[in-house]
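Each chain is listed here by its residues.
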Amino acid sequence: MIKKQGDAAILAIETSCDETAAAVVVNGRDVRSNIISSQIDLHTLYGGVVPEIASRKHIEKINQVITEAMETAQADWRDIDAVGVTYGPGLVGALLVGVAEAKAISYAKKIPLVGVHHIEGHISANYIENKELKPPFLCLVVSGGHTHLVNVADYGTYEILGRTRDDAAGEAFDKVARAIGLGYPGGPKIEKAAHRGNPHAVEFPRPKVSDGEYDFSFSGLKSAVLNYLNGCQMKQIPIIQEDIAASFQKAVTDVLIGNAILAMDAYGVKKFAIAGGVASNGTLREGMRRACEARGVEFYHPSPVYCTDNAAMIGAAAYYEYIAGKRSGLDLNAVPNLKLGER
Ligand code: KG4
Ligand code: ZN
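Below, the structure is looked at part by part. (Residues numbered from 1 in each chain as written. Chains lettered and ligands numbered in written order. Predicted model: local features only at pLDDT ≥ 70, side-chain atom pairs only at ≥ 80, totals over all residues. Heavy atoms only, no water.)

### A few points about the coordination of the zinc ion (ligand 2)
Stage number 1. Here the zinc ion (ligand 2) is held by H118 (NE2), H122 (NE2) and D309 (OD), and the distances to it run 2.0 to 2.1 Å.
Stage number 2. Geometry at the zinc ion (ligand 2) is tetrahedral, judged from the four donor atoms that bind it and their angles of 96 to 131 degrees at the metal.
Stage number 3. Look at where the donors of the zinc ion (ligand 2) fall in the sequence and you get H-x3-H-x186-D. With a gap of four residues between them, H118 and H122 both fall in helix α4 (residues 118-129), about one helical turn apart. Residue H118 shares its accessibility class with H122, and that shared class is buried. (Donors = N, O, S within 2.8 Å, 3.2 Å for Na, K, Ca; no water. Tetrahedral: all angles 85-135°; square planar, octahedral: opposite > 155°, others 65-115°. Helix = DSSP H or I, 4+ residues; strand = E, 2+ residues; numbered from the N terminus. Buried < 20%, exposed > 50% of the residue type's maximum accessible area, 1.4 Å probe, protein only.)

Below is the structure:
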């Protein structure tokens with residue numbers, strides 16, 4: 001592998017949910033390979049992620065995915081300076097596969113091990129294509145499991161300003177998609193249907209949390225959609241999937257953008273980033289771009305492939321942990337409810 005003196009190459013592994021992923025990343029920003037084996041088709045049969053199936057598939061795929069990541073990067077084990085792995089949060093059985101694999105490589109090849117927080121990975125996805133981006137900045141992390149508004153004070157230093165009190169934004173997309181018969185995964189299907197719908201057809205609520213300025217709550221919005229569907233059924237009004245998708249998407253993104261603006265104004269930041277699976281949503285990206293532009297704030301977002309789960313983002317996060325001297329021992333364990341900033 002082509003590598004200059006002083007470069008640090010990370011082999012990164014991600015298995016926290018339903019993608020088995022491995023990547024080789026140099027200096028946190030230069031992605032030499034990014035291999036993702038998605039299980040979406042399998043889980044679609046059941047309408048959501050089945051943890052048992054996820055773990056079993058990770059075991060089947062992990063070696064193949066790592067071999068492919070090493071080969072694509074033309075990397076030799078001697079090129080790898082550290083193994084970075086997601087150890088939480090996520091599904092415990094799924095996380096364990098990646099953690100056990102990373103520990104085995106670290107032990108057998110005598111390569112340092114660096115445990116990475118999954119959300120830190122999502123945030124760090126922004127470093128890959130935005131070479132000039134450096135902390136401090138604010139980041140809205142919106143995925144299937146998390147909705148966090150984070151102050152990225154420095155590499156590895158995070159302050160959570162707001163979080164969801166109930167459902168994550170992606171979870172709301174997935175649940176509403178199922179309710180209107182679009183299936184799994186909900187986010188991309190709602191976005192596609194919404195293109196043909198009217199976002200003002202149904203005025204769904206924009207829930208506010210009274211005692212947490214930057215907190216979110218999406219379960220009320222999900223209930224409002226379910227109530228609307230019941231109402232239509234009772235009154236025998238036909239359900240227009242596209243209109244509900246567009247109206248729901250508008251409500252969720254209005255709330256996300258609203259809190260992002262509050263934080264942006266209060267913190268007087270110059271840079272704002274978004275991350276996580278929902279960050280690939282066009283309405284959210286466009287709304288955030290406009291909000292940032294109006295305030296003279298630089299807006300950052302990863303390409304869709306780096307928004308949803310991948311290992312390149314874990315390699316980016318692991319690099320900054322690695323150069324800060326952080327190492328994990330062979331006693332590293334999966335921590336399904338790991339908090340950001342905790343180790
Ligand atoms: O980050 P991610 O791959 O996994 C987690 O860490 O949770 O996010 C997956 C979530 C799912 O809920 C999915 O429906 C949502 O991201 N998502 C989207 C879009 N693409 C994925 N939500 C809205 N619009 C999209 N285009
Ligand atoms: Zn994720």
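### With respect to the sheet that holds strand β8 (residues 157-163)
Stage number 1. Reading across the sheet, the five strands line up as β8-β7-β6-β9-β10 and stay open at both edges, with mixed pairing between neighbours. Here the strands that pair on one side only, and so sit at the sheet edges, are β8 and β10 (298-300). Each neighbouring strand pair of the sheet contributes to a mean axis angle of 20 degrees, computed without reference to strand direction.
Stage number 2. Inspection of the sheet shows strand β6 (residues 137-142) paired to strand β9 (residues 271-275) by four bridges, in the parallel sense. Among the inter-strand pairings, V141 is bridged to a residue of β9, identified as A275. (Pairing = 2+ DSSP bridges. Axes fitted to C-alpha atoms, helices over the stretch in contact; angles between N-to-C directions.)

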